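As a plain string of letters, each chain reads:
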Amino acid sequence: MRIPNLGEVELLVPLQEGIFEQPMWSTFLSRLKRVAGVHAAHIRLRLPGARDETDLSAGADQFPRAPSDAELREGRVYSAEELGSGRDADMDMRVMRLAGSEEIEAWIALRGEDLDAEHSRLLTALAPYFRVALRVLASLEREKARASFSADALARMNFGWIALDERCRVVESDPQAERFLARSRVLRRGPYDRLTPSLPEIDRQLTALVRDCAADPNMRPRAINMCRDPWIEVLVSPVHLDTLVGDSRTVAMLYLRGDRSSSADRHEQLVDLFDLTPAEARLAWSLSQGLSIAEAAEQHGLTVETARYYSKKIYAKTGARGQVDLVRNILTGVLALA
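Summarised in this report is the structure supplied together with it.

Scoring rules and cut-offs
Residues numbered from 1 in each chain as written. Predicted model: local features only at pLDDT ≥ 70, side-chain atom pairs only at ≥ 80, totals over all residues. Heavy atoms only, no water. Helix = DSSP H or I, 4+ residues; strand = E, 2+ residues; numbered from the N terminus. Buried < 20%, exposed > 50% of the residue type's maximum accessible area, 1.4 Å probe, protein only. Patch = residues over 30% accessible without salt bridge, like charges linked within 9 Å, V, L, I, M, F, W, Y side chains within 5 Å. Areas by Shrake-Rupley, 256 points an atom, 1.4 Å probe, with all protein chains shown as cover. Salt bridge = Lys/Arg side-chain N within 4 Å of Asp/Glu carboxyl O. Pairing = 2+ DSSP bridges. Phe/Tyr/Trp six-rings, centres within 6.5 Å; stacked < 30°, edge-to-face > 60°. Axes fitted to C-alpha atoms, helices over the stretch in contact; angles between N-to-C directions. Parallel < 35°, antiparallel > 145°, perpendicular 65-115°, else oblique. Contact = heavy atoms within 4.5 Å.

Let us now look at unusual backbone geometry. With omega at -5°, the peptide bond leading from Gln-22 into Pro-23 counts as cis. Despite not being glycine, Trp-25 has its phi angle at roughly 60°, a positive value. Within the secondary structure layout, Trp-25 lies in the loop between helix H2 (12-17) and helix H3 (26-36). Classification of Trp-25 as buried rests on a relative accessible area of 0%. A positive phi angle, close to 60°, is found at Tyr-192, a residue other than glycine. One can find Tyr-192 in the loop between strand S8 (187-189) and strand S9 (195-197). On the basis of relative accessible area, Tyr-192 is assigned to the exposed category, the value being 75%.

Structural data, given as structure tokens:
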């Protein structure tokens, strides 16, 4: 049989778009099966870090076999006889291995009756385009992994981001910010997706900053403290990109950091972690928030002398040599992940 050229059969577009389908390359495999006049068309993928290969098929059969790298030279089409498989129930096959990069490789196979040189030429013609698609897939997998690691790190540090339009409406947000909005009484989505602080004065301040970001993209980022117990702060920054997440309405980014625990929770965690007494834990948390000995003493109804006595015991138990060390031990230790 004569197989039409690639342009006539329109295989190239679904080949390139196939990495965005679920399952991948389903349209491409269906068209390849029909155009080649075969019983089944298959792709086997080996992704970086994956324990098993991913099999994709158009047709009832599974991938005919799992050839080792040594058996198939990259880019060469092999028949069943060359692989020592023979014919199975009058079914022939053509198999080709492709490597898009060192990180990813694929096998593409055709199974049918009376396969000939035209089928081999079709796979050979597809090879350079398939390599490009594999390189794109490898790049997407790398970015997906990086994004996953970054999202996990930001979540552990209680950071999130929210993209806002000039009316303070949410355009897009990351999962950490969405979780924060779902559980917080300090900041929420209001009518028409408007980001609404609970305190009117903070609402006015945020609205003014977002409006300034829209007017002046070079404005310096500004910080707002929204709550002290638990501690919640945001940084409002103008957007320096033409578009963000596919939407040009964004004028400001709100970077959010919120402690998931109240001060009472933190006191209990300090007791567990450093074997502090409850009174020492309360003082230690206040000192870690930047209060002076005198300010912390006043906050907890202690004399300055008593606060100093407690602080010496706190430094001894936490291994801190002073308030700077105490701040680092508490705010950058495991309590930051609690």
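Turning to a nonpolar patch on the surface, a few remarks are in order. A contiguous nonpolar surface patch, about 330 Å² in accessible area, is contributed by Phe-20, Val-132, Val-136 and Leu-140. Here Phe-20 lies in the loop between H2 and H3.

Counting across every chain of the model gives 17 salt bridges. For Glu-118, the salt bridge goes to Arg-121, with nearest N and O atoms at 2.8 Å. Placement of the pair is Glu-118 and Arg-121 together in helix H4 (residues 117-156), with a separation of three residues, close to one helical turn. Close ionic contact of Glu-280 with Lys-317 constitutes a salt bridge, the shortest N to O distance being 2.9 Å. Highlighted residues: Glu-280 in helix H8 (residues 278-288) and Lys-317 in helix H10 (residues 304-318), separated in sequence by 37 residues. Exposure remark for Glu-280: the relative accessible area of 1% places this residue in the buried category. Shared partners join several salt bridges into a network, and the residues in it are Arg-46, Glu-53, Arg-97 and Glu-105.

Let's shift gears to the pairing of strand S6 (residues 159-164). In terms of strand pairing, S6 meets strand S7 (residues 170-173) through three bridges, oriented antiparallel. Paired with Leu-164 across the strands is Val-170, a residue of S7. Between S6 and the antiparallel strand that follows it, S7, lie five residues; Cys-168 among them carries a positive phi value of about 70°.

Tracing the backbone shows Ser-288 in helix H8. With a relative accessible area of 2%, Ser-288 lands in the buried category.

A separate point is the environment of Val-324. Along the polypeptide, Val-324 turns up in helix H11 (residues 323-331). With a relative accessible area of 64%, Val-324 lands in the exposed category. Along the sequence, Val-324 and Gly-290 sit 34 residues apart, while their C-alpha atoms lie 9.0 Å from each other.

The next subject is the packing of aromatic side chains. Summed over all chains, the structure comprises three aromatic pairs. Pairing Phe-28 with Phe-130 gives two aromatic rings, centres 6.2 Å apart and planes at 80°, and the pair type is edge-to-face. Placement of the pair is Phe-28 in helix H3 and Phe-130 in helix H4, with a sequence separation of 102 residues. Between Tyr-309 and Tyr-310 the ring centres are 6.1 Å apart and the planes differ by 40°, which places this aromatic pair in the tilted class. These aromatic residues form a ring-pair network of at least three members: Trp-25, Phe-28 and Phe-130.

With that settled, the discussion passes to the packing of H8 against H10. With their axes 10 Å apart at the nearest point, H8 and H10 run at an angle of 85° to one another. By the angle between their directions, the pair H8 and H10 is classed as roughly perpendicular. The segment H8 lies against H10, with Ala-279, Glu-280, Leu-283, Ala-284 and Leu-287 engaging Ala-307, Tyr-310, Ser-311, Lys-313, Ile-314, Tyr-315 and Lys-317.

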